[in-house]
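One-letter residues, chain by chain:
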Amino acid sequence: MPVRFILGVRALSTFHFMLQLITILNRCHHFPGFVYRRARFSSDGKSIEIEVSPRVGSKARCSGCHQPAPGYDRLAERRFEFIPFWGFLVFLLYSMRRVDCPRCQAVVVEEVPWGDGKRTLTRAYMLFLARWARRLSWKEVAENFRTSWDKVFDAVEHVVTYGLEHRSLGPLDAIGVDEIQYAKGHKISHAGLPDRPRRHPSALGGQRADHRIVSGILHSYRRRTGFEICFVCSDMWEPYLKVIREKCSEALHILDRFHIVAKMNKAVDEVRAGESRRMAREGYQPLLKKSRWLLLKRGENLKTEQRFRLRDLLRYNLKTVRAYLLKEAFQQLWDYNSPAWAAKFLDQWCRQVMRSRIEPMKKIARSMREHRELILNYFRAQKLFSSGVVEGLNNKAKVTMRRSYGFRTFRVLELALYHSLGKLPEPESPHKFF
Ligand SMILES: [Zn+2]
């Protein structure tokens, strides 16, 4: 007798829980013309299945012309995967109707508001997965939500396709021409790396190939999507500059901050290494010994002890110190909002450096003068793009590629880049699920 009593309570509570689930669904995922009938656990207890049926008297809509049309027949029940709930997979079960559409003059399957014709995921779930796919690798998303990589791909594709179709025309496209790896061991391009092909004439073939791949990507973007690239971010490597000038002449081309700073650090380091060697040769006190990171790190990132050492070092009239101070002074550039003031500062800085008689720094100043307009585009672009996009672009592109480990096609590369960088509009959702 007691056993029976317990079973009865459990069955009753499950019943209540399922009823409440339908109440919740009606709140967050309700579509006129359809009703949630019944919710139950699957036979293995691992998922929740919710039956959906058309509301009595509501007509099916033709998926061809999106208009109501007379019914024809019903297909076998389909399972639409919904957002998992407390560790249970959730499926909506629905038998699609077919309509005999007078406008399309054909028997066509109906359109359902929660999904699209081809995919087994509901739109809400696709949006959910796609949002997570911005934060985690696609593989991790698949594992975390107990779905497959292909379904995450589908979800991202759905959201990106929507975004491309619904975005307002304007300078929205961003491509970072950097170390983007689209297949294992196959770099699209280099950026400020020590193994820069210039140093290895034997690698020149690779250099040209990289250049061609950048060009191929730009071309592929345009061909597949049918719109122009409005915004390109790259480093100062001449082959990029050239291919970007040629292939997307209308694009706003920005030299990104990350690379400029990296170049500057390299120059300071060169000065330090040269001077350190000279001092050792001439028998001076090894002042510059172990000073490398003191000079390269941002001041605020130094530990107290390092800060004291840096302060001591700055008292000496060394080339290295002057190069360091020039580099530090240059940081002020990024604080400007107005391109005009940034330009004034940049010109002044370059003049000062040209008088410094420090060759590696002068080389940078010359290159800055040569690409002045592209550097100033950074400031012009901030009027158009939310802050952080330009700055984070290269890192983000890298992150995107690393996360999308295992991708092999341009399609996936495109989706991943658009998804994480494109700032595309998202499909509307009747409810915020997280
Ligand atoms: Zn139709």
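What counts as what
Residues numbered from 1 in each chain as written. Predicted model: local features only at pLDDT ≥ 70, side-chain atom pairs only at ≥ 80, totals over all residues. Heavy atoms only, no water. Donors = N, O, S within 2.8 Å, 3.2 Å for Na, K, Ca; no water. Tetrahedral: all angles 85-135°; square planar, octahedral: opposite > 155°, others 65-115°. Helix = DSSP H or I, 4+ residues; strand = E, 2+ residues; numbered from the N terminus. Buried < 20%, exposed > 50% of the residue type's maximum accessible area, 1.4 Å probe, protein only. Contact = heavy atoms within 4.5 Å. Arc of directions from axis to C-beta. Core = buried A, V, L, I, M, F, W, Y, C linked by side-chain atoms within 4.5 Å. Pairing = 2+ DSSP bridges. Salt bridge = Lys/Arg side-chain N within 4 Å of Asp/Glu carboxyl O. Phe/Tyr/Trp six-rings, centres within 6.5 Å; stacked < 30°, edge-to-face > 60°. Lys NZ or Arg CZ within 6 Å of the ring centre and 35° of its normal.

In the first shell of the zinc ion, the protein supplies C62 (SG), C65 (SG), C101 (SG) and C104 (SG), at 2.2 to 2.3 Å from the metal. One can describe the donor arrangement at the zinc ion as tetrahedral, given that its four donor atoms subtend angles of 105 to 116° at the metal. All donors to the zinc ion come from one chain, and their sequence spacing reads C-x2-C-x35-C-x2-C. Of the two residues, C62 is situated in the loop between β2 (47-54) and β3 (71-85) and C101 in strand β4 (residues 88-101); the sequence distance between them amounts to 39 residues. Residue C62 is classed as buried on the basis of its relative accessible area of 0%.

Attention now goes to the environment of V353. Along the chain, V353 turns up in helix α11 (residues 339-354). Excluding residues within four positions of it along the chain, V353 makes contact with L326, M361, K362 and A365.

Now for unusual backbone geometry. The phi torsion at H66 lies on the positive side, around 60°, for a residue other than glycine. Mapped onto the fold, H66 is located in the loop between β2 and β3. Its relative accessible area of 43% is what places H66 among the partly exposed residues. The residue W86 is not glycine, and still its phi comes out positive at about 50°. Its place among the elements puts W86 in the loop between β3 and β4. A relative accessible area of 71% places W86 in the exposed class.

This part takes up helix α9 (residues 304-313). All of the buried residues in α9 are Q306, L310 and L313. In an axial view of α9, the angular spread of the buried residues amounts to 60°, which keeps them on one side of the axis. Along α9, exposed side chains directed more than 90 degrees from the buried face belong to T304, E305 and R311. For α9, the elements touching its buried residues are α8 (292-296) and α10 (319-330).

Time to look at the side chain of Q331. Structurally, Q331 can be placed in the loop between α10 and α11. On the accessibility criterion, Q331 (12% relative accessible area) is buried. Setting aside residues up to four positions removed in sequence, Q331 forms contacts with V261 and R298.

Here we take up the nonpolar core. Residues I50, L92, Y94, W114 and L129 are the most contacted members of the largest nonpolar core, which totals 38 residues. Looking at this core, the elements with two or more residues in it are α1 (2-28), β1 (34-41), β2, β3, β4, α2 (123-135), α3 (138-144) and α4 (149-166). Of all the elements, α2 adds the most residues to this core, at six residues. Non-local contacts of L92, meaning those with residues more than four positions away in its chain, are made with H29, Y36, I50, V52, R78, R79, F80, F82, W114 and T122. Counting 36 residues, the second largest nonpolar core, distinct from the first, contains W334, I358, M361 and F379.

Time to look at the pairing of β2. Taking burial as the measure, the eight residues of β2 include eight buried ones, the bulk of the element. Every second residue of β2 is oriented toward a common face, with S47, E49, E51 and S53 on one face and I48, I50, V52 and P54 on the other, all of them buried. Here β1 pairs with β2 via six bridges, running antiparallel. The residue of β2 that forms the bridge with R40 is E49. Here β1 folds back onto β2, and the loop between the two strands holds five residues, one of which, G45, carries a positive phi near 75°. In the sheet, β2 pairs with β4 via five bridges, with the strands oriented parallel. Bridged to E49 within β4 is F91.

Turning our attention to the pattern of salt bridges. If charged atoms from side chains of opposite charge come close, those side chains can pair. Per the stated rule, a full pass over the model turns up 18 salt bridges. The salt bridge involving E373 is made with R372; its shortest N-O contact spans 3.1 Å. Using a relative accessible area of 40% as the deciding quantity, one classes E373 as partly exposed. If you follow the salt bridges from partner to partner, you end up with R38, R40, E49, E51 and R79 in one network.

By the definition in use, this model includes 14 aromatic pairs. Judged by centre distance (6.1 Å) and plane angle (35°), the rings of Y125 and F128 are tilted. Taken together, the positions of Y125 and F128, both in helix α2 and three residues apart, correspond to about one turn of that helix. With a relative accessible area of 0%, Y125 lands in the buried category. One aromatic cluster in this structure is built from F31, F34, F80, Y94 and W114. Above the plane of the ring of W341 lies K344, whose end atom (NZ or CZ) is 5.3 Å from the centre.

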